[in-house]
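# Structural features, examined
Spelled out from the first residue to the last, the chains are:
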Amino acid sequence: MIPPCSIKGRKRKKREENYHSKDVEQLIEEEKIEITSLTEAAGTEDEKQEEDVVHDLPGIPILPSDENNSIGAIFVLEKASLEVAKVGKTYQILNSDDHANFLRKHNKNPADYRPDIVHQALLMILDSPFNKAGRLRAVYVRTEKGVLFEVKPHARMPRTYKRFAGLMLQLLQKLSISAAGKREKLLRVIKNPVTQYFPLNSRKIGFSYSSEKLVDMRDYVAAISDDVTLVFVVGAMAHGKIEKDYVDDFISISGYPLSAAYCITRICNALEQKCKIV
């Protein structure tokens, strides 16, 4: 019998993936945010995958309200972890679960990459009775890299994180997301600073566990005049605190550290009690 022959070949070395966060930082320098070039670099394969994830967003039915005669509020989510990098052959939103090894390879702390925090925070805001009663004026999100985008109050966020990550990737590449069957942009990247979008009679309130001013949120909101638009600035990061010079008042609403989602829940409950929304 003839012994079986084995063909020896050279093993292919795995290519190390290049970290592209520096490219994204250069694209958003000087607030020009030319992130559309990422779409060209991603290629047609990425476009097909994005189309499979999400096309357009449906809207939430919201009662009409008179902005001049009703209590309104604006939410700003600061330092959201929404960083785009090329992993393998596709661009992805980095997170601590799926890209831990990738982040460690590039000397990054995986614990800092938590896009699920801003996902939960947006769900709490948009699902609140305060929003469905037509009292929410706007929602703004600023990423850790300084990209600012607006979320319309009647936008419906994906319920699962995977679809949310696909939506955020599409937003950062194409700069806007349109409503289903309409030309209205439910999400769009806008220019900094965020303060230029606030009304004149607004009061900016920041939240931090380290603040020495501990208040009951219901009493705090009830004491503010009805003709003042409240702007709530909440951190959407895993660690640290927001430090913004445009904030008028820094408060703490609990003697214990709270997640961004639960902090927003307390804010919305206080607003609903003030507006008598059941």
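Up top is the structure.
Residues numbered from 1 in each chain as written. Predicted model: local features only at pLDDT ≥ 70, side-chain atom pairs only at ≥ 80, totals over all residues. Heavy atoms only, no water.

### Here's the deal with the environment of Ile 205
Rules: Strands are runs of DSSP state E lasting at least two residues, helices are runs of H or I lasting at least four, and both sets are numbered from the N terminus onward. Whether two residues are in contact is decided by their heavy atoms, any of which lying within 4.5 Å being enough.
Inspection of the secondary structure assignment puts Ile 205 in strand E8 (residues 202–207). Once the C-alpha coordinates of Ile 205 and Asp 249 are considered, the two residues, 44 residues apart in sequence, prove to be 5.0 Å apart. Every residue in contact with Ile 205, bar those within four places of it in the chain, is listed here: Tyr 220, Ile 224, Leu 230, Val 231, Phe 232, Val 233, Val 247, Asp 249 and Ile 251.

### Quick notes on the sheet that holds strand E7 (residues 185–190)
Defined as follows: In this description, strands pair whenever DSSP reports at least two bridges between them. The axes used here are C-alpha line fits, helices contributing only the stretch in contact, and every angle between their N-to-C directions lies in the interval 0 to 180 degrees.
Judged by pairing direction, the sheet is mixed, and its 8 strands sit side by side in the order E6-E7-E5-E4-E1-E9-E8-E10 without closing on themselves. The strands lining the two open edges of the sheet, one partner per strand, are strand E6 (176–178) and strand E10 (249–251). The sheet shows a mean angle of 20 degrees between the axes of neighbouring strands, direction not considered. In this structure, E6 lies alongside E7, joined through 3 bridges in antiparallel fashion. Across the sheet, residue Ser 176 finds its bridge partner in E7, namely Arg 188.

### Thoughts on the pairing of strand E1 (residues 73–80)
The test is simple: Accessible area is worked out with a 1.4 Å probe on protein chains only. A residue is then buried under 20% of its type maximum, exposed over 50%, and partly exposed in between.
With 7 of 8 residues buried, E1 lies mostly within the body of the structure. Pairing between E1 and strand E4 (residues 136–143): 6 bridges, direction parallel. By the bridge assignment, Ala 80 is partnered in E4 with Thr 143. Bridge count for E1 against strand E9 (residues 229–235) is 6 bridges, and the pairing is parallel.

### Observations regarding the layout of surface pockets
Our working definition: Grid points spaced at 1 Å and placed over the protein atoms alone form the basis of the search, with a cavity being a set where a 1.4 Å probe fits but cannot get out and a pocket an open set showing protein on both sides within 12 Å along at least five of seven lines. Lining residues have an atom within 4 Å of a point. Grid points are joined across faces, edges and corners, and a volume is the space filled by probe spheres set on the points.
Here the largest pocket is characterised by a volume of approximately 460 Å³. Residue lining of the largest pocket: 23 residues in total, with Phe 207, Ser 208, Tyr 209, Gly 240 and Leu 258 positioned closest to the centre. Of all the secondary structure elements, the ones that give two or more residues to the lining of the largest pocket are E9 and helix H8 (260–275). Looking at the lining of the largest pocket element by element, the count peaks at 3 residues for E9.

### Regarding unusual backbone geometry
Cis peptide bonds are those with omega within 30 degrees of zero, and the linkage from Asn 192 to Pro 193 qualifies with 0 degrees. Structurally, the position occupied by Pro 193 is in the loop between E7 and E8. Residue Lys 79 is not a glycine yet carries a positive backbone phi of 60 degrees. One can find Lys 79 in strand E1. On the basis of relative accessibility, which here comes to 26%, the residue Lys 79 falls in the partly exposed class.

### Here we look at the packing of aromatic side chains
Note the threshold: Each pair of aromatic rings taken from Phe, Tyr and Trp, with Trp reduced to its six-membered ring, is defined by centres within 6.5 Å and is described as stacked if the planes are under 30 degrees apart, edge-to-face if over 60, and tilted in the remaining cases.
Evaluation of the coordinates by the stated rule reveals 5 aromatic pairs. Measuring from centroid to centroid gives 5.6 Å for Tyr 140 and Tyr 197, while their planes differ by 25 degrees, and the two rings are stacked. Residue Tyr 140 is found in strand E4, and its partner Tyr 197 is found in the loop between E7 and E8; the two are separated by 57 residues along the sequence. Looking at Tyr 140, the relative accessible area reads 5%, which means it is buried. Taking the relative accessible area as the measure of exposure, Tyr 197 reaches 28% and is therefore partly exposed. Ring geometry for Phe 207 and Phe 232: centres 5.9 Å apart, planes at 40 degrees, overall tilted. With a gap of 25 residues between them, Phe 207 in strand E8 and Phe 232 in strand E9 connect regions that are remote in the sequence.

Without other data, these values stay purely geometric and don't point to any function.
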